[in-house]
Structure formats: structure tokens, C-alpha cells
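These are the residues of each chain, in order.
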Amino acid sequence: MAALLDGGLPDPPEPVLLYRDDGVALFYAGQVNLIFGDPESGKTMVAQAAANEALKAGRRVLFVDLDHNGADATVYRFLDMGAPESALRDPGLFRYVEPDDKAHLAAVVADAKEWRPAVAVVDSVGELLPMLRLSSNSPDDFTIAHSAVLKPLALSGASVLAVDHLPKNSETRASGPTGTTAKRRAIGGVALRITVNEPFAPGRQGSAFLSLNKDRHAGLRRHCPAEGREPSAGLFLLDSRGHEITYSIRPPQLGDAARAIGVSDSDLDAIDQLDPPPTSVRDVKTRLRWRSERAADVLRAWRERSRAVSGEQGTRTASDTRTLRTGNCQGCEEYRPINPNTRLCADCASDNELEGRP
């Protein structure tokens, strides 16, 4: 430690891969980054866009296809995105592999340690664990898979882009993929949630919101609006109407985080027009005749937008978390964690009187 301090501390890591239109990159090198979302949300396209950026710069790319996208589909999409055909032909720059079994995958990882790719796409984590004969629902098993495959790839210097799926359970999908606690703990770069805005289809333009689920080094977070627990990291735009597929990432705009969870501008405007302003989910339900889920989502988004506009932080601090107590939430109509300083419910953001058991 003394030698490190004497020599001067290095600058905090910064993202270096897949740049937005404003020059801010999304993914870290030498780290495991996670891309997750529903089927056909654009997860693999985001990963390929990042890999394509590296190929165009003459950097090495490893594509581990566990999801059986197929070599044809993968290469054709790279070509449509403008990847140099010479790079795709060169095994010194591009390597595509569809591992047959655990031993084959281990050989791929061992080769990558020597080859040192700049980008390593692993598509997907959902297929990785079964190939290693591990359970997708076990946090400990994910830790084993991370140590065996993802971490060694990152230690080779690669920007690892691990693609993952959301669970079907509506109560758990809000937190992230299956086994989220273990996966979030293992992410050394960023975790991005992909949510469709306009569906992707051949010959059309599609788009997807990129929401920042985790950023260990805050190199990307500092360039995102302070909107709630998962601020917008940008809007991924892909246009396949021409002979080539063009893509870009629009910088985040205030309100993107709300739209990513299905809150419309018209609903936010409806709450804006309430006089006096709403005080709880129950208040919104009564005055706008909305159901509980809609009222809770829109009220939370409205409050987070208001905090962002006023320059306040939209997330709880560590001290706030320590002082949470349980009360009878008027919005949830059940006992929930409530912050005694702000009187806001940790689940639905309703304002409360803090009556009930401590």
C-alpha cells in the first residue's frame, strides 16, 4: 500500500467501449459487464454493436455463442453493421466459437488468456451454467461459472459482455436476472437493463432504452440523469431500412427512466396537473381513478423526475437505509419499510404518517 501511495494512485477506471453520440462510452475494459433484458429486446444487438466498434478499430473480438445464434446469422449481422470483411476472415482479429461441451469451453477460455481479445461476448449466461452442469437458480453455482469463464476472460484484458435474460416472475424481474445478488456482486463494470421502446424488425427502425442497473466505478453513472435506482444510460437506435444496419446511442434525456418502465408522458402530465400535488398512491388512485400498480409507477417516476429537476439525488443514502423502519404504508396498504426522514415508502414511494409498529 505504501509503495502504491508513494507512486500516486491511478485514475478511476472509465468506460472505453460502445460510445454514445456525446462521446461517453458504456462498457469497461478488463471487467465483466452484464447486458440483460427480455427476449428480442436487443441484448445481442447491443453486444454486437460494441464488438463491431472494436473490429472497425482493428482490435480483437471473441464471440462465444452459447445461445446458438449461429455463425451465419452472427457474421451476416456484423457485415450489415459495417464490420470489415477482412477482419472477420482473420483469426488473428476475430474468433467465433460455439462450444460443444464443458471441456471445449475450458479450452476456449485457456486460448483467450494467451490471445488477449479486446472484447469477449458471452451469449448467454443462461446457457453457460447448464453447459458447466450448474444450476441457473443457484447463486453459488453462478459464482463458480464466473470464476471459471467470465473472470478469466476479464483478467485477459477483455471487455467481457455477458448477455443474460430476465426471469418470468413479475415479482423478481424488477431486480434483474435470476440469481441477481450473486451476479451483481460479480459485475466489475456495468450492468445494463435493455427495454424495448420500438420493436426491432428487418427493414424497420427499432430502439431500446438502456437503464443503468449497476456501475461499480461510476464512470458512466456520472453522465446519467439522477433519476431513481436505474437511471437511463441512453437510447439504442438501430435502423435496418437501408442496405446496411446503422446504429447509434442517443444520450439519456430526462424522463427516459420513466418511459423505460412503461410510464407515459401523458400520465406524468396528469399528475403534474393535480392541484394540490398528490401525497400518496392512494391519493393518485382516488383522484385519477387508476389502479394501484399504475398509480405507484407513475407517482414514483413523477417524484424522481421532480428530484432530478431540482438537483436532488433520487436514491436513498446509506444513512437513510439504516434508519428505515416498518410502518403501515397508505399506498401499499401493508407494512413496508419507510424512511422516517422523508416519510416515503421504500417500495411505492408513497408519503406516510409513520403510524404502526417500529
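Quantities reported herein were computed from a predicted structural model and do not represent experimental measurements.

1. Concerning the packing of helix α5 (residues 102–115) against helix α7 (residues 139–155)
Two numbers describe how α5 lies on α7: the axes approach to 9 Å, and their chain directions differ by 15 degrees. The orientation of α5 with respect to α7, classified from their angle, is roughly parallel. In the crossing of α5 with α7, the sense of the turn from one axis to the other is left-handed. On the side of α5, the interface is formed by Leu 105, Val 109, Ala 112 and Lys 113, while α7 contributes Ala 148, Val 149, Pro 152 and Leu 153. Of the residues assigned to the contact of α5 with α7, the class counts are 7 nonpolar, no polar and 1 charged.

2. Some remarks on the nonpolar core
In terms of nonpolar packing, the biggest core is built from 42 residues, with Phe 27, Val 119, Leu 161, Leu 192, Leu 220 and Phe 236 touching the most fellow members. Ranked by residues supplied to this core, first place goes to helix α2 (residues 43–56) with 8 residues. What Leu 161 contacts, discounting residues up to four positions off in sequence, is Leu 17, Phe 27, Asn 33, Ile 35, Ala 47, Ala 50, Val 119, Ala 120, Val 121 and Val 122. One finds Leu 105, Val 125, Leu 129 and Ala 182 within the second-largest nonpolar core, a separate group that totals 34 residues.

3. Overview of α2
If you check α2, its first and last C-alpha atoms are 20 Å apart, about what 14 residues at 1.5 Å a residue would give, namely 20 Å. Counting buried positions along α2 gives 12 out of 14 residues, so the element sits mostly inside the fold. Buried within α2 we find Lys 43, Thr 44, Met 45, Val 46, Ala 47, Gln 48, Ala 49, Ala 50, Ala 51, Asn 52, Ala 54 and Leu 55. Where α2 ends, the next residue or the one after it, Gly 58, has phi of about 75 degrees, a positive value.

About the cut-offs
Residues numbered from 1 in each chain as written. Predicted model: local features only at pLDDT ≥ 70, side-chain atom pairs only at ≥ 80, totals over all residues. Heavy atoms only, no water. Axes fitted to C-alpha atoms, helices over the stretch in contact; angles between N-to-C directions. Helix = DSSP H or I, 4+ residues; strand = E, 2+ residues; numbered from the N terminus. Parallel < 35°, antiparallel > 145°, perpendicular 65-115°, else oblique. Left-handed = near helix turned anticlockwise from the far one by under 90°. Contact = heavy atoms within 4.5 Å. Nonpolar A, V, L, I, M, F, W, Y, C, P; charged D, E, K, R; others polar. Core = buried A, V, L, I, M, F, W, Y, C linked by side-chain atoms within 4.5 Å. Buried < 20%, exposed > 50% of the residue type's maximum accessible area, 1.4 Å probe, protein only. Expected span 1.5 Å × (residues − 1).

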